[in-house]
Amino acid sequence: MRVVIAEDHALLRDGLTRLLQAFDFDVVAAVDNGPALLPALTVHKPHVAIIDVRLPPTFTDEGLQAAIAARTQMPGLPILMLSQHVEPLYARELLSTPHGGVGYLLKDRVSDVGEFVDAVRRVAGGGTAMDPEVISQLLARREPLAVLTAREREVLGEMAEGRSNAAIAAKLRITEKAVSKHINNILTKLDMPPSDDDNRRVLAVLAYLNR
Amino acid sequence: MAAIGLAFTNLPLLAMSVVALALAPVPFLGLALVPWTMTLVRMRTDLERRRASRTGVLVTRPYHPPPQRAVAGGWQRFRWTVTDPATWRDLAWLAPGAIVGFTLGTIGVLVPLYGVAGLTLTPLWIWLGTGWYGYGATWSTDTLPAGLLCLPQGAVILAAGLWAAPRLRRVDAHFARLFLAPTRAAELRLRVTQLTVTRSDTVDAQAAELRRIERDLHDGVQARLASLSMVIGLADELIDRHPAQAHKLLAEARESSGAALVELRHLVRGIHPPVLAERGLGGAVRALALSLPVPITVDIDLPGRPDTPVESAAYFAVAEALTNMIRHSRAHTGSVSLRHADGTLTMVVTDDGTGGADPAAGTGLRGIERRLAAFDGTIELSSPPGGPTVITMEVPCALSSPRTMPSSVTD
């Protein structure tokens, strides 16, 4: 699986590269600034791009801007953003680009290697990986969620992060059947159309939370 | 009307001041009497300043700050009063101020009254009764139609009187400003006093902030990193002989490093939120509004970015206002508007909550005031019981030209 990395800190860049190579990813390019990113993406056409939000030369949100521009030029390009901090505002902007796998994680999450690699694979496969911090911030400001039970809110959170039913079941130590029952309840209570397509369901939930 | 009445208070005040000054050499009595009289005079001139400011002619107080530990009737207080040039300018204003105020006030009242008399046909009745009267331009009325002319004339005179009244008050206010506003020297002195206060506030706040950061780093991240390196060292020792234990230690180390990162993130957010650096004031306020539990309408019209210090102060001022709102107002919705016009950044935060916010009650608003004062900014609060609460903050500043987003390189 071909990966392009954009990260300005040499240590993190090398660390990411080594980590991904250890899991049989093919890191075809690792750039350290914003302007070099788009050409690298167009040349290598990676299966997934892992991009730091803040990049030189301006050290503002160059990485995010470049990612959004790349998604407009190459619709469907899976992108995983990494950052030292997460903003629901940025998540909203990322999600508003034409569909395709999308992820937005704190750099801290890389330390849980298994989870991180899983997230990269999920995004490359067209899925979603949202940081728990983004989701908890989104959940915190939605009053209608009061109609959900504590367990349902938990399942909603996991679902919004982009996990599949099986993964949610494993994480919460309940059966997959229980998970899908909870999900049906959630969708009914929040007036959302039922859907068997995991990813479409995640996007619907995120759109609901982002409203 | 008020102007006429107030004009009459000037003369007794002037007389009292003359008497008090004449009695100044009398032991004890003089030292007490002069400052006391001047306090009365200042109450009167302060009233005049407020009246002038209400017509749009801003007149600030020019007085020296009172000396510390000055007892009433003491020498220091006496000296403070008589050495202030503003005292003598106040006295100089009393007589001419009374004359101008009385004259303009009388004109302002009599002209509209004369117009009302014409409108109510009073001249016509007087003419019918006495056979000799006139009004306006038709002096000495001869015929009934001529008498009826008082109606349109009265309307014109009333309109002119009403049009002129606020202008006359402005003239009065300008005249008062000649005497009662600070002189250039006094203005500079006041400015120096204000700058001294805001500078020491700023320096204090900065030192306190640095102390807080130092403590947070020392007790939090530094301690965690120290223990982290210890744990890793221990795991390194154990890895060959007791791999299971080493694994446990490494898991612990990872948890500890995660906690350190979380702490650092909070700390950084408190110093300078990353989104502020990345997106500027508008974007940061938008991101902040998104994270609040109450829906906030955000309306931003900023063609560029202010300097970093101003931007940071403005952001934290808005953030503090919003935090207060969430904490105290029980609002269902709120709004933030940011505008820049005529060299002033205006930030308005409103909510539909219960109102009754008291700037004296908490430290929040006072904190905003101090933060903004360092940039000559101001804060104004309107919060009647029952709401709505409107906080208006203004900071004079220039905007840099909009940054070009170096987002895409096209091939």
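In this text the structure is predicted, and so the values were computed from the model without any measurement.

## As for the packing of helix 7 (residues 150-161) of chain A against helix 8 (residues 165-172) of chain A
All names here are of chain A.
Part 1 of the argument: At a minimum axis distance of 10 Å, the contact between helix 7 and helix 8 shows a crossing angle of 130 degrees. With respect to helix 8, the element helix 7 is oriented oblique. As helix 7 packs across helix 8, the resulting crossing turns out to be right-handed. Taking contact as the criterion, the partners of Glu 154, Val 155, Glu 158 and Met 159 in helix 7 are, on helix 8, Ile 168, Lys 171 and Leu 172.
Part 2 of the argument: Here the residues of the contact of helix 7 with helix 8 are counted per class, giving 4 nonpolar, no polar and 3 charged.

## Describing the interface of chain B and chain A
As a measure of interface size, the accessible area lost when the parts come together is often cited.
Part 1 of the argument: If you look at the interface, chain B gives 22 residues, while chain A gives 24 residues.
Part 2 of the argument: Broken down by secondary-structure element, the contributors of at least two residues to the side of chain B that touches chain A are helix 9 (243-271) and helix 10 (274-290) of chain B.
Part 3 of the argument: The biggest single contributor to the side of chain B that touches chain A is helix 10 of chain B, with 8 residues.
Part 4 of the argument: Looking at the side of chain B that touches chain A, its residues break down into 11 nonpolar, 5 polar and 6 charged.

## A few points about the domain arrangement of chain A
All names here are of chain A.
Part 1 of the argument: For chain A, the assigned domains read domain 1 (2-130) and domain 2 (142-210).
Part 2 of the argument: Taking only C-alpha atoms, the centre of domain 1 and the centre of domain 2 are 26 Å apart.
Part 3 of the argument: In this complex, domain 1 contributes 8 residues to the contact, which on the side of domain 2 involves 8 residues.
Part 4 of the argument: Examining the composition of the side of domain 1 that touches domain 2, we find that 3 residues originate from one element, strand 6 (residues 128-130), more than from any other.
Part 5 of the argument: Partitioning the side of domain 1 that touches domain 2 into residue classes produces 3 nonpolar, 3 polar and 2 charged.

Rules and cut-offs
- Residues numbered from 1 in each chain as written.
- Chains lettered and ligands numbered in written order.
- Predicted model: local features only at pLDDT ≥ 70, side-chain atom pairs only at ≥ 80, totals over all residues.
- Axes fitted to C-alpha atoms, helices over the stretch in contact; angles between N-to-C directions.
- Helix = DSSP H or I, 4+ residues; strand = E, 2+ residues; numbered from the N terminus.
- Parallel < 35°, antiparallel > 145°, perpendicular 65-115°, else oblique.
- Left-handed = near helix turned anticlockwise from the far one by under 90°.
- Contact = placed C-beta atoms within 7 Å.
- Nonpolar A, V, L, I, M, F, W, Y, C, P; charged D, E, K, R; others polar.
- Domains from an automatic or database assignment.

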